[in-house]
Amino acid sequence: MSSFTDRLKNIRFIRKLLYVVVGFFSYPGLVIVNKLKISGTEHLRNLPKSNVLFVSNHQTYFADVITFLHIFCAVKWGKEDRLGLPYYLLNPFTNVYYVAAAETMKGSWISRLFTIAGALTVKRTWAPGSKETRKGLDTSDTRKIARALNENWIITFPQGTTKPFAPGRKGTGYIIKLNKPIVVPVVINGFWRAFNKKGLKFKKKNTLLTVRFKEPMQIDYDASAEEILKQIMDAIEQSREYMMKGAHHWGKAIGNEQ
């Protein structure tokens, strides 16, 4: 099943078809049922077609990624900080993959569909619920991501969980140190309030969804993976310093776990 899925995932026509289907079904939930505010897409204009890594905080399993794909397609069609009418789905941008836990992507037929749409499944190197320090990625997963970066953009969520202010995975630091990609930080909000944890059902309508792309980071690739990861967590506003900035962060964290 895995090799068959991988073969389908590498067929651009199949992925474009899935983008069209998923895009048209998800569009109303982003811009009609809820309100989507996008900023910073000017930072995407002159990016190369490969070795670009988007790092973001994480609030739902699928709604976050779906929104990114909508935005990338819209930018491809010349739109800035908005989606407008989804005619961009007629020729979607498919030069992008996203990193997801293998356990998550085995959950249902919908998750398998999203795998074909462009998931790079990785194995967790820590037990869920464990209090142990998180380790790096499995070496085979590291190679998988490196190969994908050679020809594509990649979206990754360094925390590997939808829990706010969770510590980042050191594997993200290693990937950046080894491959030296252009790193674009993204900060999202509102998704945990609007959707359930999977991001496929509405929890609260008329919610403001925000996606803010920051300018590419200045990274010292000779620094340690731990230092790079700390810089990343600051950039996506999930470091301890950001958690302590105000009570509204604590309220968001409590609400996200409900």
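Report follows, based on the coordinates. It should be emphasised that the depicted structure is a prediction, and the values quoted were computed from it without experimental measurement.

Before going further, it helps to examine the nonpolar core. If you look at the biggest cluster of nonpolar residues, it comprises 46 residues, and the most contacted ones within it are Phe-54, Phe-72, Val-211 and Phe-213. With 10 residues, the single largest contributor to this core is helix 3 (residues 63-76). Ignoring any residue separated from it by four or fewer positions in sequence, one finds Val-211 in contact with Leu-36, Lys-37, Ile-38, Ser-39, Thr-67, Phe-68, Ile-71, Val-186, Val-187, Ile-188 and Phe-191. Residues Leu-53, Val-122, Ile-176 and Met-233 belong to the second largest nonpolar core, which totals 22 residues.

Viewed as axis vectors pointing N to C, helix 2 (residues 12-31) and helix 3 meet at an angle of 105 degrees, and their least axial separation amounts to 10 Å. Regarding the angle of helix 2 to helix 3, the classification is roughly perpendicular. Across from Tyr-19, Val-22, Gly-23, Ser-26, Tyr-27 and Leu-30 in helix 2, the residues of helix 3 making contact are Ile-66, Thr-67, Leu-69, His-70 and Cys-73. Looking at the contact of helix 2 with helix 3, its residues break down into 7 nonpolar, 4 polar and no charged.

This next bit is on the pattern of salt bridges. Applying the stated criterion across every chain yields a total of 6 salt bridges. Residue Lys-170 is joined to Glu-226 by a salt bridge in which the shortest nitrogen-to-oxygen separation is 4.0 Å. Separated by 56 residues along the polypeptide, Lys-170 in helix 7 (residues 170-179) and Glu-226 in helix 9 (residues 225-235) bring together distant segments of the chain. For Arg-212, the salt bridge identified is with Glu-237, shortest N-O distance 2.9 Å. With Arg-212 in strand 7 (residues 208-213) and Glu-237 in the loop between helix 9 and helix 10 (240-243), this pair connects stretches of sequence that are 25 residues apart. Owing to a relative accessible area of 33%, Arg-212 belongs among the partly exposed residues under this scheme. Salt bridges sharing partners connect three or more residues here, namely Lys-123, Asp-141 and Lys-144.

Strand order in the open sheet formed by 7 strands is 1-7-6-2-5-3-4, with mixed pairing between adjacent strands. At either end of the open sheet lies a strand with only one pairing partner, and these are strand 1 (35-39) and strand 4 (119-122). For this sheet, the mean angle separating the axes of adjacent strands, direction not counted, is 20 degrees. Where strand 2 (residues 52-56) and strand 5 (residues 153-156) come together, 4 bridges link them in parallel fashion. Among the inter-strand pairings, Leu-53 is bridged to a residue of strand 5, identified as Ile-154. Against the sheet, helix 3 engages strand 1, strand 2, strand 3 (96-101), strand 5, strand 6 (182-189) and strand 7, with an angle of about 60 degrees to strand 7.

So, on to helix 7. For helix 7, the complete set of buried residues consists of Gly-171, Thr-172, Gly-173, Ile-175, Ile-176 and Asn-179. Next to the buried residues of helix 7 lie strand 2, helix 6 (139-149), strand 5, strand 6 and helix 9. Directly after helix 7, the chain includes Lys-180, whose backbone phi takes a positive value near 50 degrees.

Let us look at the side chain of Ser-56. Inspection of the secondary structure assignment puts Ser-56 in strand 2. Overall, the relative accessible area of 0% leaves Ser-56 in the buried class. A distance of 3.5 Å separates a polar side-chain atom of Ser-56 from the backbone oxygen of Val-186. In this view, Ser-56 contacts Phe-68, Thr-156, Phe-157, Pro-158, Val-186, Ile-188 and Ile-236; residues no more than four positions away in its chain are not counted.

Scanning the model with the defined rule gives 15 aromatic pairs in all. Between Phe-54 and Phe-72 the ring centres are 4.9 Å apart and the planes differ by 45 degrees, which places this aromatic pair in the tilted class. Here the residue Phe-54 occupies a position in strand 2, and Phe-72 occupies one in helix 3, the gap between them amounting to 18 residues. A centroid spacing of 6.2 Å and a plane angle of 45 degrees characterise the contact between Phe-68 and Phe-213, whose relative ring orientation is tilted. Note that Phe-68 is positioned in helix 3 and Phe-213 in strand 7, a separation of 145 residues in sequence. Each member of the pair Phe-68 and Phe-213 is classed as buried. Put simply, the rings of Phe-54, Phe-68, Phe-72, Phe-93, Trp-153, Phe-157 and Phe-213 pair up and form one aromatic cluster. It is Arg-15 that lies over the ring of Tyr-97; its NZ or CZ is 4.2 Å from the centre.

The rules behind each value
- Residues numbered from 1 in each chain as written.
- Predicted model: local features only at pLDDT ≥ 70, side-chain atom pairs only at ≥ 80, totals over all residues.
- Heavy atoms only, no water.
- Core = buried A, V, L, I, M, F, W, Y, C linked by side-chain atoms within 4.5 Å.
- Buried < 20%, exposed > 50% of the residue type's maximum accessible area, 1.4 Å probe, protein only.
- Helix = DSSP H or I, 4+ residues; strand = E, 2+ residues; numbered from the N terminus.
- Contact = heavy atoms within 4.5 Å.
- Axes fitted to C-alpha atoms, helices over the stretch in contact; angles between N-to-C directions.
- Parallel < 35°, antiparallel > 145°, perpendicular 65-115°, else oblique.
- Nonpolar A, V, L, I, M, F, W, Y, C, P; charged D, E, K, R; others polar.
- Salt bridge = Lys/Arg side-chain N within 4 Å of Asp/Glu carboxyl O.
- Pairing = 2+ DSSP bridges.
- Polar contact = N/O pair within 3.5 Å; in protein donor to acceptor, adjacent residues only side chain to side chain.
- Phe/Tyr/Trp six-rings, centres within 6.5 Å; stacked < 30°, edge-to-face > 60°.
- Lys NZ or Arg CZ within 6 Å of the ring centre and 35° of its normal.

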